[in-house]
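# Observations on the three-dimensional arrangement
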Amino acid sequence: MDKRRILMVDDEVGFTHLVKLNLEKDGRYEVRIENHGAKAAETAREFLPDLILLDIIMPDKDGGEVLAELQQEASLRGTRIMFLTATVSIKGVEEHNGTIRGMPFIAKPVEPKKLIKRIEEVLKA
Amino acid sequence: MIVAERETQRAGAEMPARPRVRVLLVEDSLADARLTELSLTDGGVCQFETHVARTLAEALKTLDDGQVDVVLLDLGLPDSFGLETFQRLHAAAPELPVIVLSGQTDEELAVRAVQEGAQDYLTKGRADSDMLARAIRYAVERQRIELALERERELFRTLMEHIPDSIYFKDIQSRFLRISSAQAKLFGFKSTEEAVGKTDFDVFAKEHAQASFEDEQQVIRTGNPLLAKIEPERLADGRLRWALTTKMPFRSKQGYIVGTFGISKDITQIKLMEEVLESERNMLRSLIDALPDHIYIKDASGRFLLCNNAVARFFGLDSPEDVVGKSDFDFLPKGLAQQFEREERVLLHGDTPSVNRETGFANHDGRTHWVITTKVALRDRHGHVTGLVGINRDISERKWNEEQLSRLNLDLARSQRELLATYESLKQANEELKATQMKLIQAEKLESVGRLAAGVAHEVKNPLATLLMGLDYLAESCKSGGEEVAMTIAQMQEAIKRADAIIHGLLDFSASGQLEMAEASLTSVVEQSLLLVYHDLLQKRIHVVKRLAPDLPRLRIDRQKVEQVLINLFTNAIAAMPLNGELRITAAPGTGSDGRAKVMVSVEDNGPGIPSEVLPKIFDPFFSTKPTGMGQGLGLAVAHNILDMHGGKIEIMNRPEGGACAIVTLYA
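Keep in mind that what you see is a predicted model, and the values were worked out from it rather than measured. (Residues numbered from 1 in each chain as written. Chains lettered and ligands numbered in written order. Predicted model: local features only at pLDDT ≥ 70, side-chain atom pairs only at ≥ 80, totals over all residues. Heavy atoms only, no water.)

### What to know about the overall build of chain B
The cut-off we apply is this: Helix numbers and strand numbers start at the N terminus; a helix is a DSSP run of H or I with at least 4 residues, a strand a run of E with at least 2. The rule is simple: take the accessible area with a 1.4 Å probe, protein chains only, and divide by the maximum for that residue type; under 20% is buried, over 50% is exposed, in between is partly exposed. Throughout, a residue-residue contact means that at least one pair of heavy atoms, one from each residue, lies within 4.5 Å. Positive charges come from Lys and Arg, negative ones from Asp and Glu, while His and the chain ends are left out of the count. The atoms used to mark charge sites are NZ of Lys, CZ of Arg, CG of Asp and CD of Glu.
Along its length, chain B carries 18 helices and 22 strands. In terms of principal-axis extent, the alpha carbons of chain B reach across some 225 × 60 × 45 Å. The buried share among the 668 residues of chain B stands at 38%. Here the analysis covers contacts within chain B between residues at least 6 apart in sequence; of these, 55% occur between residues at least 24 apart. A distance of 3 Å separates the average location of the 80 positive side-chain charges in chain B from that of its 98 negative side-chain charges.

As structure tokens, then:
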């Protein structure tokens, strides 16, 4: 079975690196990192991931704008997008039924096991 | 004749009797005496009673007794002789008629005696019985007439000499015939005779003399007297006096008018007094007319006898004369007139003066007028009440001023009260403002904490996320590294979670600023919150005692936030208690001081309580008594914030029996 392709868009270099290590160690995922929000769409078009983990607050382009770009990309229709951000608390997520702008959501910091569990839920949905 | 009169009086009671004449016969010759006595036995119309004296001394003694009407005197007596005998006897009894008895040789002596006052003389031996009797009767009668005349003259003389008034007689040409001594004195004459022949023109100023002359001529012409004329008389020397003059026609015996006579009384003093009285009366009249008070005199039936101008003006009349004879009923409303009448009746009968009585009444101008009245009974000189004297003062102006003043005072008092009330409400508003300001400061403090939290959260969470990811990787990678490495990594992971929890708390705190209100039952909120700490309760084996009143009102609240508060309180209580502690939860309805329904939820524990130095800081953000790592110090601050936004409150205190108690109050 092909590995699930996951694109991580986050300006936090250390974090993206460690998520990549943890996810790839699991063996089910191929992880690509994009640390620049502005380049997210381009990377996504090229990589064509199954899931994009999208940070919200980034210095060059924030998650909301990136989401809008990605949603306009026809080639990415089948790509799932999940926010992974430090912006809101768990409680905030609960109040929005676990979604932000209709997208699934997971708050930083998160343990790898929980992240993987959530990724699987989103991919299966 | 005195004796005769007595006789007449007596005769009225008995029978008509002849007048009795008591005769003293002074005669030293017994024979002559006897002879004379005999001739008087039959007195004709008179009855003679004869007493004989032999000497002058004896005669004088008899006269002393006074029982004698006439004396028959012989001049030749043993103890006196000749004319001297008559003189001595006459001196002793000057009013007694004396008839001298003379011998034929001394007739001349007898005539002299008659000249000196004897009534008659008779010659012894020549007079018969009838002659003697007639002589005696005539002598007595003559003497009586002379005496009477003399008395009249004396009276007239006394009158003319001593009356202080001017009395005069004038002839037909107004020439003085006779004037009184007082008038002579007035004219400056030495004697009354000086006036004879003079006229008024000689003694008075021409003006008066002329007037007087004309008056007299009129009296003479008409025969009508001039009675009690009051006139000024100016004398020739300029003196002026007032006289009350009466002039009468002076008639002759035949009835012809031959002049005038009259009397003038000096009434200058009376006139002066009259003038003084008049001027005093005018003064008083001017005074009472000028007085603004109403002054009046009423008779016993309430009619005005007198009043001043003020009364007339009050009744709307021009002159006080228009008021006289009328009563209050002619001018005042009936009710008021009746009231005055009642008061006056009491005064007239009860004799108690009514002093300074205030009476208010509606006048024709529609306003209430006020008079202050003093009435006193008026008495005649016998002390009988004949009416009353009254003084009314119109005090309407004063009353109105007083009323206005009291109205102004009331207004002032009301304004003052309003001012005070305004001041109180301002003070209260100020205090509320201060409280609000304090809350704002607190809110601002909290808000800045919130903003800080939101800002910091992102920056802190990212490194935390990286760390968590890294540790997990390391844990997987170093499974062979042994127990110590695994433990180290676990502790680090725990530390990261703790840091994350703080961030979450901060974010919750910052997110507490908005409420989503809905009606909810506090009973279910309490139950739900208890469920959420069920795990902790179980772990510490806490015994829960619930006393939730069944009739709690439903309140509009942000249910989740209130649950957050209760969970916070439960968590704190559980944390404070040892194993097997008792958590007591009470909810009861009540009424706030403003009448609003309220619900009070108290959460009590039996832990150690809160140290007194900690209590004031208990709601400060980031203040915590829990050991580091056990709490963020935000729970109570958030609870306080949430209740504040609900308009409710939270109080935390120590229970007297030990442990702490938190009371949450929410209003409907």
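### Considering the overall build of chain A
This is how it is decided: Here the open area of atoms and residues is found with the Shrake-Rupley method and a 1.4 Å probe, where only the protein chains shown may cover a residue.
Counting secondary structure elements, chain A contains five helices and six strands. Along chain A, from the amino end to the carboxyl end, the secondary structure elements read β-α-β-α-β-α-β-α-β-β-α. The proportion of buried residues among the 125 residues of chain A is 50%. Looking at chain A alone, contacts between residues at least 24 apart form 65% of all its contacts between residues at least 6 apart. For chain A, the accessible area works out to roughly 6,100 Å², and carbon and sulfur atoms hold 50% of it.

### Notes on the environment of Lys 271 of chain B
Residue and element names in this part refer to chain B. Along the chain, Lys 271 turns up in helix H10 (residues 268–290). A relative accessible area of 17% places Lys 271 in the buried class. For the pair Lys 271 and Ile 542, spaced 271 residues apart in the sequence, the C-alpha separation amounts to 130 Å. If near-sequence neighbours (up to four positions away) are discounted, Lys 271 is found in contact with Ile 230 and Trp 242.

### Section: the sheet that holds strand S5 (residues 120–123) of chain B
Residues and elements named next belong to chain B. Here is the rule: Here a strand pair is declared whenever DSSP counts at least two bridges between the two strands. Between the N-to-C directions of two axes lies an angle of 0 to 180 degrees, each axis being a line fitted to C-alpha atoms and, for a helix, fitted only over the stretch in contact.
Spatially, the five strands line up as an open sheet ordered S2-S1-S3-S4-S5, and their pairing is parallel. Each edge of the open sheet is held by one strand with a lone partner, namely strand S2 (47–53) and S5. Across the sheet, the axes of successive neighbouring strands diverge by a mean angle of 25°, strand direction being ignored. Strand direction decides the pairing type here: strand S1 (residues 20–26) and strand S3 (residues 70–74), joined by four bridges, are parallel.

### Observations concerning the nonpolar core
Residue and element names in this part refer to chain B. Test applied: Each nonpolar core is a collection of buried residues, namely Ala, Val, Leu, Ile, Met, Phe, Trp, Tyr and Cys, held together in the definition by side-chain atoms within 4.5 Å.
In terms of nonpolar packing, the biggest core is built from 41 residues, with Leu 522, Phe 570, Leu 583 and Val 601 touching the most fellow members. Among the elements of the structure, helix H15 (522–532), strand S18 (555–557), helix H17 (559–576), strand S19 (582–591), strand S20 (597–604), helix H18 (635–646), strand S21 (649–654) and strand S22 (660–667) are those that each provide at least two residues to this core. With seven residues, the top contributor of residues to this core is H17. Val 26, Leu 63, Leu 96 and Leu 109 belong to the second-largest nonpolar core, a separate cluster that totals 22 residues.

### Re the pairing of S3 of chain B
All names here are of chain B. When you tally the buried positions in S3, you get five out of five residues, the bulk of the element. Neither face of S3 is open: one carries Val 70, Leu 72 and Asp 74, the other Val 71 and Leu 73, and all of them are buried. Bridging between S3 and strand S4 (residues 98–102) involves four bridges; their strand directions are parallel. Following the sheet pairing, Leu 72 is matched in S4 by Ile 99.

### Observations concerning the domain arrangement of chain B
To keep things clear, this is the line we draw: Where each domain begins and ends follows an automated or database-derived domain assignment.
Looking at chain B, the domain boundaries give domain 1 (2–158), domain 2 (163–272), domain 3 (291–394), domain 4 (413–512) and domain 5 (514–667). Placing the centre of domain 3 of chain B and that of domain 5 of chain B at their C-alpha centroids yields a distance of 87 Å.

### A look at the side chain of Ser 180 of chain B
In this fold, Ser 180 of chain B is placed in the loop between strand S7 (176–179) and helix H7 (181–187). When sequence neighbours within four positions are dropped, the list of residues in contact with Ser 180 of chain B reads Met 160, Asp 165, Ser 166, Ile 167 and Thr 192 of chain B.

### Quick look at a nonpolar patch on the surface
This is how the line gets drawn: The patches described consist of residues with a relative accessible area above 30% and no salt bridge, like charges being joined within 9 Å and nonpolar side chains (Val, Leu, Ile, Met, Phe, Trp, Tyr) within 5 Å. For salt bridges, the criterion is a side-chain nitrogen of Lys or Arg within 4 Å of an Asp or Glu carboxyl oxygen.
Where nonpolar side chains cluster on the molecular surface, the patch consists of Leu 284, Leu 287 and Leu 291 of chain B and spans about 260 Å² of accessible area. Relative to the helices and strands, Leu 284 of chain B resides in helix H10.

### Let's talk about the packing of aromatic side chains
Residues and elements named next belong to chain B. Stated precisely, the cut-off is as follows: Here a pair means two rings of Phe, Tyr or Trp (six-membered ring of Trp) with centres within 6.5 Å. Their orientation is stacked below 30 degrees between planes, edge-to-face above 60, and tilted elsewhere. For a ring to carry a charge above it, either NZ of a lysine or CZ of an arginine must fall within 6 Å of the ring centroid while also lying within 35 degrees of the normal to the ring plane.
Under the definition given, this model contains 13 aromatic pairs over all chains. Ring centres of Phe 315 and Phe 331 lie 4.2 Å apart, and the angle between their planes is 15°; this geometry places the pair in the stacked category. Of this pair, Phe 315 sits in the loop between helix H11 (309–314) and helix H12 (334–350) while Phe 331 sits in the loop between H11 and H12, and the two are 16 residues apart along the sequence. Exposure remark for Phe 315: the relative accessible area of 14% places this residue in the buried category. It is Lys 170 that lies over the ring of Tyr 168; its NZ or CZ is 4.6 Å from the centre. Its guanidinium or amino end placed over the ring of Trp 242, Lys 271 lies 4.4 Å from that ring's centre, counting from NZ or CZ.

### Comments concerning the sheet that holds strand S14 (residues 368–379) of chain B
Residues and elements named next belong to chain B. If you trace the five strands from one edge of the open sheet to the other, you get S12-S11-S15-S14-S13, paired in antiparallel fashion. If you trace the sheet from one side to the other, it starts and ends with strand S12 (304–307) and strand S13 (354–362), each paired once. The sheet shows a mean angle of 25° between the axes of neighbouring strands, direction not considered. Note that S13 and S14 share seven bridges and pair antiparallel. In the sheet register, Arg 357 faces S14, and the bridge partner there is Thr 373.

### Describing H10 of chain B
Residues and elements named next belong to chain B. The following threshold applies: Working rule for helices: expected span equals 1.5 Å times residues minus one.
Along its 23 residues, H10 runs 32 Å from first to last C-alpha, staying within 8% of the 33 Å computed at 1.5 Å per residue. Turning to H10, its buried residues number three or more, namely Thr 268, Lys 271, Ile 288 and Asp 289. Those residues of H10 that are buried lie in contact with strand S8 (226–234), strand S9 (240–251), strand S10 (257–266), strand S11 (294–299), S12 and H11.

### Describing the environment of Pro 616 of chain B
On the secondary structure map, Pro 616 of chain B appears in the loop between S20 and H18. Along the backbone, Pro 616 of chain B and Val 140 of chain B are 476 residues apart, and their C-alpha atoms lie at a distance of 153 Å.

### Details of the interface of chain B and chain A
We apply this condition: Once two parts are brought into contact, the accessible area they lose, counted with a 1.4 Å probe and summed over both, makes up the buried area.
Counting from both sides, the interface comprises 22 residues of chain B and, opposite them, 23 residues of chain A. Note on chain B versus chain A: buried area summed over both sides is about 2,000 Å², and carbon and sulfur give 66% of it. Together, His 458, Met 469 and Tyr 473 of chain B form the three largest contributors to the area buried by chain B at its contact with chain A, with a combined 32%. The interface formed by chain B and chain A contains one salt bridge.

### Structural notes on the pattern of salt bridges
Residue and element names in this part refer to chain B. Tallying each qualifying case throughout the model produces 50 salt bridges over all chains. Here Lys 247 and Glu 216 are joined by a salt bridge, their closest N and O atoms 2.8 Å apart. One end of the pair, Lys 247, is in strand S9; the other, Glu 216, is in helix H9 (residues 206–222), and 31 residues separate them in sequence. Under the relative-accessibility criterion, Lys 247 is labelled buried at 3%. Counted as one network, the salt bridges with shared partners bring together Lys 170, Asp 200, Glu 216 and Lys 247.

### As for helix H5 (residues 107–115) of chain B
Side chains that are three or four residues apart share a direction in an α-helix, a result of its 3.6 residues per turn. All names here are of chain B. For clarity, the threshold we go by: Think of it as the arc spanned by the lines of direction from the helix axis to the C-beta atoms.
Of the residues making up H5, those classed as buried are Leu 109, Ala 110 and Ala 113. Projection of H5 onto a plane perpendicular to its axis shows the buried side chains occupying an angular sector of 100°, all on one side. Exposed and facing more than 90 degrees away from the buried side of H5 are Glu 108 and Gln 115. Two residues or fewer past H5, Gly 117 is found with a positive phi of approximately 135°.

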